[in-house]
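Residue-level listing of the chains:
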Amino acid sequence: MIDKTTSNGNVPLTRSALTVVGVGASAGGLEALQTMLSNLPIDTDMAFVVAQHLSPSYKSMMVDLLEKACTIPITSAVDNEVLEPNHAYICPPNFNIEITNGDRIRLISYPEARRTPRPSVDMLFESIASIKGENAIGIVLSGTGTDGSRGIRAIKGENGFGIVQDPKDAKYDGMPNSAINSGNVDIIVQSTEIGSELKNILHFPRRRSVDNENSISRETYNGIINILKKQCKVDFTLYKENTIVRRIDRRMTTLRLHDTDLYLEHLKKHAEEVSLLFNDMLIGVTSFFRDARAFDRLDRELSNYIQNRDSKELRIWCVGCSTGEEPYSIAIILNQILGEKIDEYKIQIFATDIDKNAIEFARNAVYPESALQNLPKGIREKFFIVNDEQFEVKKSIKSHVIFSVHDINNDPPFLRLDLITCRNLMIYFTVELQRQILPTFHYALNPKGILMLGQSESIGVFQEQYRPLSKTSKIYEALFVGKQLPPERKTNNIRKKAVDYEAQAIPESPRRTKLNEEFSNIIALTLKQFVLPNAILVNENQDIIFTEGENKLLVRPSGLPTNNIFKNLHPQLSIDLRSAFHQLHNGRKVADTGFQSFSLDGKDVWVKLILISIQREGPLGSLTLLFSQIEEPVNIPVLSSGDLTNDQTVSNQAVLVEQQRQLFKTKEQLQNVIEELETSNEEMQSMNEELQSSNEELQSSNEELETTNEELQSTNEELQTAYAELRMAYEEREHQRTELEDLRNNLQHTNSLLEDAETSAKMGSWLWDISTRKIDWSNGCYTLFGLDPNIFHPSYEAFIGLAQDHYRGLLEGQLTNLLHNKANQPFIFEAYDVNKNTVIISLEAVVSFNDLKQAVKVMGTMTDVTEKVISEREHSLYKDKINYILNSSLNAACVIDLKSMSVEYVNAEFYKLLGYSLDSLQRFTGDAFYKLFEEKDQETFKEVVRSVIDSKPGQAVPSSYQIVSANDASIVPVYANHTIYEVDENTLGASKMLVTLFSSKS
């Protein structure tokens, strides 16, 4: 599983092989983390990322508390930092932490209200599973709630490992028990033993393929599959062996078993291990609107399908639905497509899976915040409600989805479907099983129904049954191919290898083999040209799929086109042809119709059909090859006349004519009976299909009734509540006047708070009605200019008049540009207050347009930025003065960026003293910056940097050291002063340092 670096570092650890261990904890997690980290081996070559629920307003001391006992370096996580092996990283408060490509840390802060504790363990685990695959490990420690359960499922789905602290050992067992109950945990141990278990995982490397030398034997593999089939009632024979072997291998690693035969014996003796292995097989990774581009295309195709459809019923089948995100996503799409018309439609979304636990989870429709992180805010607010610390799908969406346990490999399909989604399920199936399932989907879909597959799946050889609507999104349309028959299910549970007879035979020389092939081809071509010049190939439905040569017996019937052999062949041959087909169905390889006499192109001829059965595997199934033999009467003597007299010949001819007449009459009667039987057979077939469909609908209805029963109970409770509320309503009417008075007081209080807020922020709001040219100001606007609301009445002209002369035209142009949506914001202008003092105003606005793209209203704010602008001007003037001093100074000077440790400015004296230009200093950045100094003085300069950071603006830090000259690499001793040049506005700490220096050589 893991490529390790040796302790002496001789074998480098590749980035892709780095194992990332996610650790999640909540209440009681500090104690569990301390015991785990104190017992952690120092050479696991794993990177540890810890998500501990923390208060957003509390300054965390987690790193300080843990580093005392931790056996490896531990630091607070930094955004975009690269993970290193044998290091631990702690997520800071009020952030979510994830892992991105290149094993980098990503810290995410959300402005909206918190629904769940942060950092989210689920989000951390899911990102590790996505990036690291089978090199992912999730550890759940003490805590309350369910955080981590969904994420550990994602890790298991990528063949990673799930480890949980023993609930008896945990101070709070909520998170450990939730993870264990999800069925996605490999190891349950005390926190002190987690380190040794990680070491064991390293010592039990997993096999990569069933073809490896030490891989599982065929006998053992079949034995494990049979145990699963017997106990769990699911046949994994036609699943891909590599996938099955990886799941078996992981269970062996958990049990520390090297030999697969020992694991088979363990399965036979421990039924609970069979359940654990079965749960491992069912791990699936899903999410809402997984692959957004594919769902956008599905949205468009469903819209077109519904518009071109008269029926108000929609039947959808979501195969392998896992925990339900996909069917709910489809229900949301339908809700958006149909809008208010959705109540006119009968929508049934059948969501199926073989995992009972996943189905139960999906029915509850309650998901953690991490499951909705990629959903647009509008969808979250419209289709989900907050349920404690989780999100629940609204009842209007849940009512359309019907969940049931269903095995696509064995159970019959749902019928008359408009859409089937089967995404990322068939990648686990063999080609044989895929070729059984795709015809099943085609049989279940309505003509022009939609099939949606996963990004790594395709329709394969079934090009005639599906038309691609989007090759990139893997969306297909079912084509009508005539009468649909239920596809056959082939259950060859034991795969047999063919005997290599050629290896046992005596090899022939290449020349002799070539002559044999040439002579065989000559005979076949000659027979095809002169003896049997035409042929017809018929499939199991007795439809013509291929013809060769000119065949006068074929006719094109009137009416709708059909390829049925009986509709396209001379009608006089139909009865005998059916008899010949019956002989083939009874096991004969070759059958014929016998010669019949009838007129063909104005000539009396005798015709015989020869039928040959051809057995084939694959999508075409069994075929029948038909040859026709047409002879003239002279070549087909009816009776031998060698020893008969003329009278006898006449008598025999009369008998023959009468027999032919009776035979013809009998054939007519038989043809009528056959047609009646065909009609009855078709009706029976239709009834059978309807019964199958009815049976499935009854099963679905049963589930719907169960859901309806639950809804009725809920409705009953709601009605009781509503009745109680109705009684209360009559009583509350007496208090409405009081409440209205309270609302009025609250409104006044709110307005007062708004006025106070505007005053403290030195701002005001305004509204401009374009049609009436009326402008309304808040009290904050009057305060900005010192105006009296009772005396000054704001208008367009009065507003422009407040600006100083130079800015009046600019302000008028800004308002005009706002109306044409061309304005740049914010707009800064200078104005006079009531005392003729200059105030600097920042103007921002939003314009409302009507359907004709005409401006209707303008809403905006005005903010007094006088102090800010003056401060910026003074700061700019200050920097100009500093730059002038630096350029005119007789001492060497430079400016150093303390964040990147790079030089961003040098004056001419600096170049004269040390020989460095600004361009030549670009290579001295970061750690390389210290190469400018004599080795013994590098630490001295680092101490100077720390002193400057701790100093106050204007305070000088003197020092002396030696710098390596650029010209001849000589050493130049200098005296230098160091002061803060620029302060970071966010941290208020020094961001840049000014250094003035001169040579100390005597």
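Preceding this section is the structure that the text describes.
Everything numeric in this text was worked out from a predicted model, so none of it was measured.

So, how was this worked out
- Residues numbered from 1 in each chain as written.
- Predicted model: local features only at pLDDT ≥ 70, side-chain atom pairs only at ≥ 80, totals over all residues.
- Heavy atoms only, no water.
- Axes fitted to C-alpha atoms, helices over the stretch in contact; angles between N-to-C directions.
- Helix = DSSP H or I, 4+ residues; strand = E, 2+ residues; numbered from the N terminus.
- Parallel < 35°, antiparallel > 145°, perpendicular 65-115°, else oblique.
- Contact = heavy atoms within 4.5 Å.
- Nonpolar A, V, L, I, M, F, W, Y, C, P; charged D, E, K, R; others polar.
- Salt bridge = Lys/Arg side-chain N within 4 Å of Asp/Glu carboxyl O.
- Buried < 20%, exposed > 50% of the residue type's maximum accessible area, 1.4 Å probe, protein only.
- Phe/Tyr/Trp six-rings, centres within 6.5 Å; stacked < 30°, edge-to-face > 60°.
- Lys NZ or Arg CZ within 6 Å of the ring centre and 35° of its normal.
- Pairing = 2+ DSSP bridges.
- Patch = residues over 30% accessible without salt bridge, like charges linked within 9 Å, V, L, I, M, F, W, Y side chains within 5 Å.
- Areas by Shrake-Rupley, 256 points an atom, 1.4 Å probe, with all protein chains shown as cover.
- Lys, Arg positive; Asp, Glu negative; His and termini not counted.
- Charge placed at Lys NZ, Arg CZ, Asp CG, Glu CD.
- Arc of directions from axis to C-beta.
- Polar contact = N/O pair within 3.5 Å; in protein donor to acceptor, adjacent residues only side chain to side chain.

### Here's the deal with the packing of helix α8 (residues 241-255) against helix α9 (residues 260-269)
When two helices pack together, their arrangement is captured by the angle between the axes and the distance separating the axes.
Thought 1: Running from N to C, α8 and α9 point in directions that differ by 85°, and their axes come no closer than 11 Å. Taken as axis vectors, α8 and α9 run roughly perpendicular relative to one another. Each of Ile248, Arg251, Met252 and Leu255 in α8 lies in contact with α9, whose residues at this interface are Thr260, Tyr263 and His266.
Thought 2: For the contact of α8 with α9, a count of residues per class yields 4 nonpolar, 2 polar and 1 charged.

### With respect to the pattern of salt bridges
Thought 1: By the definition in use, this model includes 21 salt bridges.
Thought 2: When the shortest N-O distance is used, the salt bridge between Arg150 and Glu126 registers 3.0 Å. Of this pair, Arg150 sits in helix α4 (residues 149-157) while Glu126 sits in helix α3 (residues 121-132); the two residues are 24 residues apart in sequence, bridging distant segments of the chain.
Thought 3: Of the residues examined, Arg150 reaches a relative accessible area of 15% and is grouped as buried.
Thought 4: When the shortest N-O distance is used, the salt bridge between Glu326 and Arg423 registers 3.8 Å. Of this pair, Glu326 sits in helix α12 (residues 325-338) while Arg423 sits in the loop between β16 (417-422) and α16 (431-444), and the two are 97 residues apart along the sequence. Comparing Glu326 with Arg423 shows no difference in burial state: the two are buried.
Thought 5: One network of salt bridges, in which partners are shared, links Glu126, Arg150 and Glu325.

### Looking at the packing of aromatic side chains
Thought 1: Applying the stated criterion to the full structure yields 24 aromatic pairs.
Thought 2: Ring geometry for Phe289 and Phe295: centres 5.5 Å apart, planes at 70°, overall edge-to-face. This pair shows no difference in class: Phe289 is buried, exactly as Phe295 is.
Thought 3: Here the aromatic rings of Tyr328 and Phe403 are separated by 5.6 Å at their centres, their planes lie at 65°, and the arrangement is edge-to-face. Placement of the pair is Tyr328 in helix α12 and Phe403 in strand β15 (residues 401-405), with a sequence separation of 75 residues.
Thought 4: Given the relative accessible area of 2%, Tyr328 is considered buried.
Thought 5: Residue classification places Phe403 among the buried residues on the basis of a relative accessible area of 5%.
Thought 6: Taken together, the aromatic side chains of Phe288, Tyr328, Phe361, Tyr367, Phe384 and Phe403 make up a single cluster linked through ring pairs.
Thought 7: Residue placement shows Lys836 over the ring face of Tyr832; its charged tip is 5.6 Å from the ring centre.

### Brief notes about the sheet that holds β15
Thought 1: The strand order across the open sheet built from 7 strands is β15-β11-β10-β16-β17-β19-β18, with neighbouring strands paired in mixed fashion. The sheet is open, and its two edges are formed by β15 and β18 (466-470), each paired on a single side. Strand-to-strand, the axes of this sheet are offset by a mean angle of 20°, without reference to chain direction.
Thought 2: With 5 bridges joining them, β16 and strand β17 (residues 445-453) adopt parallel strand pairing. If you follow Leu417 over to β17, its bridge partner there is Leu445.
Thought 3: Along the sheet, helix α13 (residues 356-364) contacts β11 (346-353) and β15; its crossing angle with β15, the most-contacted strand, is approximately 160°.

### Focus on unusual backbone geometry
Thought 1: Across the junction of Gln825 and Pro826, the peptide omega takes the value -5°, indicating a cis bond.
Thought 2: On the secondary structure map, Pro826 appears in the loop between α25 (805-819) and β28 (827-832).
Thought 3: Positive phi, normally seen in glycine, also occurs at Asn86, with a value near 60°.
Thought 4: A relative accessible area of 16% means that Asn86 is categorised as buried.

### A few points about the sheet that holds strand β7 (residues 136-140)
Thought 1: Pairing within the open sheet is parallel, and its 7 strands lie in the order β3-β4-β2-β1-β7-β8-β9. A single partner strand is all that each edge strand has here, and the edge strands are β3 (74-76) and β9 (187-189). Taken over all neighbouring pairs, the strand axes of this sheet differ in orientation by 20° on average, direction set aside.
Thought 2: Here 3 bridges tie strand β8 (residues 161-165) to β9, and the two strands are oriented parallel to one another. Bridge assignment links Val164 to a residue of β9, and that residue is Ile188.
Thought 3: Contacting β1 (19-25), β2 (46-52) and β7, α3 crosses the sheet at an angle of about 170° to β1.

### Some thoughts on a negative patch on the surface
Thought 1: Negative charge collects at one region of the surface, where Glu731, Glu732, Glu734, Glu739 and Asp742 lie side by side.
Thought 2: Going through the elements one at a time, α21 (646-732) and α22 (736-761) are the ones with two or more residues in the negative patch.
Thought 3: Accessibility expressed as a relative area gives 52% for Glu731, which makes it exposed.

### A short note on α9
Thought 1: Along α9, the residues that are buried comprise Thr260, Tyr263, Leu264 and Leu267. Around the axis of α9, the buried residues are gathered within 105° of arc, so they sit on the same side. α9 presents Leu262, Lys268 and Lys269 as exposed residues on the side facing more than 90 degrees away from its buried surface.
Thought 2: At its buried positions, α9 is contacted by α7 (218-232), α8 and α10 (271-281).
Thought 3: N-capping of α9 is provided by Asp259, with a side-chain oxygen placed 2.7 Å from the backbone N of Asp261.

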